[in-house]
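Take a look at the letters that make up each chain.
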Amino acid sequence: MSDETLSTQRESWIEVANNSDFPIQNLPLGVVDSFGEQHAATIVGDTVVDLYALSKAGLLEDVPHAELLRRATLNAFLERGRAVGAALRHRLSDLLRRDGDPALRQGATHAFLFERERVSSLVPVDVGDYVDFYSSLEHATNLGKLFRPGGDPLLPNWRWIPIGYHGRSATIQIDGQAVVRPKGQHKAPNAQAPGFGPSAMLD
């Protein structure tokens with residue numbers, strides 16, 4: 001079954017550059033710092049759409065559990081499943097398309113729309129735990145060189161079964177932030193005693 005929100009014929013009344021990563025067909029979900037508060041949001045072109053404000057104003061009343069978009073993270077909303085997410089996507093597309101529901105564009109848009117430069121992205125969910133997979137040959141090879149210096153970097157079964165490992169939620173950060181190099185105890189081959197300092201190798 002086709003999804004009309006993905007139609008290439010659909011255009012937004014919000015200006016979108018031809019080479020934009022965020023046409024009306026995209027509508028990603030995220031959380032932004034909106035003047036000191038964490039608000040759920042999406043983006044069209046270079047315009048951020050405040051979902052917290054839309055929900056509070058009743059413009060998402062047909063979306064099940066839309067009140068959960070007023071929380072600081074998206075966890076509770078996403079836990080409601082794909083059908084709820086699809087309902088939100090269809091409602092947003094209808095509010096933002098050129099020939100759709102005029103409720104948003106005819107109202108006080110300054111309460112719902114912000115220039116991209118005026119807000120900053122935040123981690124959109126509380127990450128409790130996760131499993132990461134060696135899905136990239138280059139990544140697996142680089143990590144294998146750290147674990148098995150001088151040996152075969154790839155384990156014999158890597159190409160036949162999915163290899164996963166337990167990940168650290170603290171490693172999930174917003175793009176563009178500085179990565180803090182971990183510190184620990186290590187001993188150089190010719191050193192008489194170990195020392196403490198930044199990791200010499202970081203994948």
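Criteria and thresholds
- Residues numbered from 1 in each chain as written.
- Predicted model: local features only at pLDDT ≥ 70, side-chain atom pairs only at ≥ 80, totals over all residues.
- Heavy atoms only, no water.
- Buried < 20%, exposed > 50% of the residue type's maximum accessible area, 1.4 Å probe, protein only.
- Helix = DSSP H or I, 4+ residues; strand = E, 2+ residues; numbered from the N terminus.
- Pairing = 2+ DSSP bridges.
- Axes fitted to C-alpha atoms, helices over the stretch in contact; angles between N-to-C directions.
- Salt bridge = Lys/Arg side-chain N within 4 Å of Asp/Glu carboxyl O.

Draft legend 1. View of the pairing of strand β3 (residues 47–50). Going residue by residue along β3, you find T47 and V49 tucked away on one face and V48 and D50 tucked away on the opposite face as well. When strand β2 (residues 37–44) meets β3, the two strands line up antiparallel, connected through four bridges. Within the sheet, the bridge partner assigned to I43 lies in β3 and is V48. The turn linking β2 back onto β3 is made up of two residues, and G45 within it adopts a positive phi angle of 60°.

Draft legend 2. The sheet that holds strand β5 (residues 120–122), seen in detail. Reading across from one edge, β4-β3-β2-β1-β5 is the order of the five strands in this open sheet, with antiparallel pairing throughout. Both outer strands of the open sheet, β4 (113–115) and β5, are each paired with one neighbouring strand and no more. The average undirected angle you get between the axes of adjacent strands in this sheet is 50°.

Draft legend 3. Broad picture of the pattern of salt bridges. A complete count under the given rule lists seven salt bridges for this structure. Here R91 and D101 are joined by a salt bridge, their closest N and O atoms 2.9 Å apart. Remark: D101 occurs in the loop between α3 (82–96) and β4 and R91 occurs in helix α3; sequence separation between them is ten residues. Under the relative-accessibility criterion, R91 is labelled buried at 14%. Between D94 and R97 there is a salt bridge, with its nearest N and O atoms 2.9 Å apart. Since its relative accessible area comes to 22%, D94 is described here as partly exposed.

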